[in-house]
Amino acid sequence: MTKDKNLRPRTKLVHAGRHPFEQHGFINTPIYRGSTVLFPTYADLLARNARFSYGTVGTPTTEALETAWSEIAGAEGTVLAPSGLAAIALALLTVAKSGDHILVTDSVYRPTRNFCDTILQRLGVETTYYDPLIGAGIESLIRPNTRAIFLESPGSQSLEFQDVPAIVAVAQAKEIPTILDNTWATPLFFPSHAHGIDLAVEAGTKYLSGHSDLLLGLVSANATWFKRLRATFDAFAMCAGPEDIFLALRGLRTLELRLREAERQGLAIAEWLVKRPEVAQVLHPALPTCPGHAIWKRDFRGASGLFSLYLNPCSQEALAAFLDGLRLFGMGYSWGGYESLVVPFDCRTYRTATQFDPPGPALRFSIGLEDPQDLIADLEAAFARLKARN
Ligand SMILES: *Cc1c(COP(=O)(O)O)cnc(C)c1O
């Protein structure tokens, strides 16, 4: 409604992208469905004189989320894609062309790696994976044809926090665009464009949804890159569904509240886990024992509810006993919903630039909105089962 740069993030989340008096006074922009948009006259048609001209180009529903997100992310503009992975593909295809070389963090979301290794490779774009902790050392990997540096901080399984300012400084000096998968932090906990990132990707499927009931991706860009991003989006017409956008707009209004609660709950569980004898290490950045702690403290405004841990060595049977009897934690992919999840992971099978050598089985937790005492009781029983089988 109001576009005031001085408003604080929480106020922006409530007001951004809404125009009630364009919707008969109703608070929320409704779901516009549609392909055809009518032009009142021949002259208007010839001049494409209309705020919206065709369904793929946008509707008031898409525009509401695009403008709200740009405001919150501090971006020149945003495009919406039907999934987080589709958003990553759009960002990469905005910057890279045949004959180019790109640098991608070894901690990257695995389907992003698959996109680079298959589609981009087929299009003649070569990918080099780099150590996520490389920092300014990235300079040594830059070639004359390097056209993008892709970051993901933290890695959504192994939780390495990258030195974004150091990497951005090198990229800017060499005029190489940077793309950041910012899904873990969202712009609320890491304002990526303010840190000099050119294109930022958010899987709206996670915290923006918050309810595990939609798939959505967002790519925001600064003034240097938005025109090209928008042109790439228009060329694909890779549109998100109106229902999903509407639900994401609903999620947006409570995003800060839910993130702060996820942070509080996640940290409570992490602090309890640290004291367990079965646990070798907890990778939660707010814990001083977490390798990413210093960078997180320097650059981030909060921690979401996604973190990982390494168990001490145990048998497969003991791990199965731990996981299979859980009553409150679900086992499944994705995260950021109101319900708590746990999944085992093993980066050893696909990393190429770095050695991943955990002391024991690795687990990733997404902490939801249940009472933490109940979650702790569920985990306590799980550790008892693990111990009985080991
Ligand atoms: C889930 C996820 C994505 C992809 O989102 P989808 O909507 O599931 O395609 C991208 N990056 C990260 C870090 C994710 O966790």
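Just above, that's the structure.
To keep things clear, this report deals only with the structure shown in the data block. (Residues numbered from 1 in each chain as written. Predicted model: local features only at pLDDT ≥ 70, side-chain atom pairs only at ≥ 80, totals over all residues. Heavy atoms only, no water.)

1. Here we look at empty space enclosed by the protein
1) Next: Counting across every chain of the model gives three cavities of 30 Å³ or more.
2) Next: There is about 60 Å³ of room inside the largest cavity.
3) Next: In this structure, the largest cavity is lined by W69, A73, N182, P187, S192, H193, A200, V201, E202, L218 and S220.
4) Next: If you list the elements that add at least two residues to the lining of the largest cavity, you get α3 (60–73), β6 (199–203) and β7 (217–221).
5) Next: The volume enclosed by the second largest cavity comes to roughly 50 Å³. (1 Å grid on protein atoms, 1.4 Å probe; cavity = no way out; pocket = protein on both sides within 12 Å on 5 of 7 lines; lining within 4 Å. Points joined across faces, edges and corners; volume = space filled by probe spheres on them. Helix = DSSP H or I, 4+ residues; strand = E, 2+ residues; numbered from the N terminus.)

2. Examining the state of the cysteines
1) Next: Evaluation of the coordinates by the stated rule reveals zero disulfides.
2) Next: Considering cysteine sulfurs only, C347 is the nearest to C116, which forms no disulfide, with 16 Å between them.
3) Next: Taking relative accessible area as the criterion, C116 reaches 1% and is therefore assigned buried.
4) Next: Looking at C347, it has no disulfide partner, and the nearest cysteine sulfur is the one in C290, 14 Å off. (Disulfide = S-S within 2.5 Å. Buried < 20%, exposed > 50% of the residue type's maximum accessible area, 1.4 Å probe, protein only.)

3. What about the site of the ligand?
1) Next: Every one of the 13 residues lining the ligand counts as a neighbour, but G84, L85, D181, T205 and K206 are closest to it.
2) Next: In this structure, an oxygen atom belonging to the ligand sits 2.5 Å away from a side-chain N or O atom of T205.
3) Next: K206 has a polar side-chain atom sitting 2.6 Å from an oxygen atom of the ligand.
4) Next: Burial of the ligand by the protein amounts to 91% of the accessible area it has alone, namely 380 Å².
5) Next: If you tally residues by element for the shell around the ligand, the top one is helix α4 (residues 84–95), at three residues.
6) Next: When grouped by side-chain class, the residues that make up the shell around the ligand number five nonpolar, five polar and three charged. (Near = heavy atom within 4 Å. Polar contact = N/O pair within 3.5 Å; in protein donor to acceptor, adjacent residues only side chain to side chain. Areas by Shrake-Rupley, 256 points an atom, 1.4 Å probe, with all protein chains shown as cover. Nonpolar A, V, L, I, M, F, W, Y, C, P; charged D, E, K, R; others polar.)

4. Let's talk about the pairing of strand β1 (residues 77–81)
Each regular strand displays side chains that alternate between the two surfaces of the sheet.
1) Next: Counting buried residues along β1, five of its five residues qualify, which places the element largely inside the surrounding structure.
2) Next: Sheet analysis places β1 next to β7, joined by five bridges and oriented antiparallel. Its bridge partner lying in β7, V79 is registered against V219. (Pairing = 2+ DSSP bridges.)

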